[in-house]
Amino acid sequence: MKVTLETYGGLAAVTDRRRPPKVLDTDDLSETAAAELSDLLAAAVSTPLQERVEQAGRARDAMSYTITVQDGDRLTALEQSDAAMTPAFASLLTWLKKHFAQQ
């Protein structure tokens, strides 16, 4: 399974229109880390995002994130922002950021 994290927006959006995506392959993870990531992904996919229109207008410089999961022929994309993010997505995002920081 391959997981891609794309980050865009924020205060630097004008000068840094698109940051390169970060990609990880679960084959490169330990069994424990791969299982933890799988659990976080399952929770994020199954948790619906409640619309938060009132907050989205107040966070014009918010960062937005797209997490794409390719598992065989199945492709799943999750997109949320700092202005409207589920706790499950936040946990997944935190895990991915920690993983990429260690590389």
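In what follows, the structure referred to is the one given above.
Here the structure is a predicted model, which is why all the values come from computation and not from measurement.

The next subject is helix α3 (residues 87-101). If you check α3, its first and last C-alpha atoms are 21 Å apart, about what 15 residues at 1.5 Å a residue would give, namely 21 Å. Of all the positions in α3, only A88, F89, L92, L93, W95, L96, H99 and F100 are classed as buried. The arc that holds the buried residues of α3, viewed along the axis, is 160°, so those residues lie on one side. The exposed residues of α3 that point more than 90 degrees off its buried face are P87, K98 and A101.

Another aspect to go through is the side chain of T86. As for its position among the elements, T86 is in the loop between β4 (74-81) and α3. Those residues in contact with T86 that lie beyond four places of it in its chain are T47, P48, L49 and Q80.

Looking at chain direction, strand β3 (residues 63-71) and β4 are connected through eight bridges and run antiparallel. Residue S64 lies in a different strand from β4, and its bridge partner there is S81. Connecting β3 to the antiparallel partner β4 that follows it, the hairpin turn spans two residues, and G72 within it adopts a positive phi of roughly 65°.

Attention now goes to the environment of P48. In this structure, P48 sits in the loop between α1 (31-46) and α2 (53-56). Separated by 38 residues in the primary sequence, P48 and T86 place their C-alpha atoms 7.7 Å from one another.

This model, assessed by the stated rule, comprises one salt bridge. Between R74 and D71 there is a salt bridge whose closest N-O contact spans 3.4 Å. For R74, a relative accessible area of 54% gives the class exposed.

This brings us to α1. Here α1 is 16 residues long and its end C-alpha atoms lie 23 Å apart, about the 22 Å a rise of 1.5 Å per residue gives. Turning to α1, its buried residues number three or more, namely A33, A34, L37, L40, L41 and A44. Buried residues of α1, viewed axially, fall in a sector of 125°; they line one side. In α1, the exposed positions that point more than 90 degrees away from the buried face belong to E31, T32, D39 and S46. Against β1 (2-9), β2 (22-25), β3, β4 and α3 lie the buried residues of α1.

About the cut-offs
- Residues numbered from 1 in each chain as written.
- Predicted model: local features only at pLDDT ≥ 70, side-chain atom pairs only at ≥ 80, totals over all residues.
- Heavy atoms only, no water.
- Helix = DSSP H or I, 4+ residues; strand = E, 2+ residues; numbered from the N terminus.
- Expected span 1.5 Å × (residues − 1).
- Buried < 20%, exposed > 50% of the residue type's maximum accessible area, 1.4 Å probe, protein only.
- Arc of directions from axis to C-beta.
- Contact = heavy atoms within 4.5 Å.
- Pairing = 2+ DSSP bridges.
- Salt bridge = Lys/Arg side-chain N within 4 Å of Asp/Glu carboxyl O.

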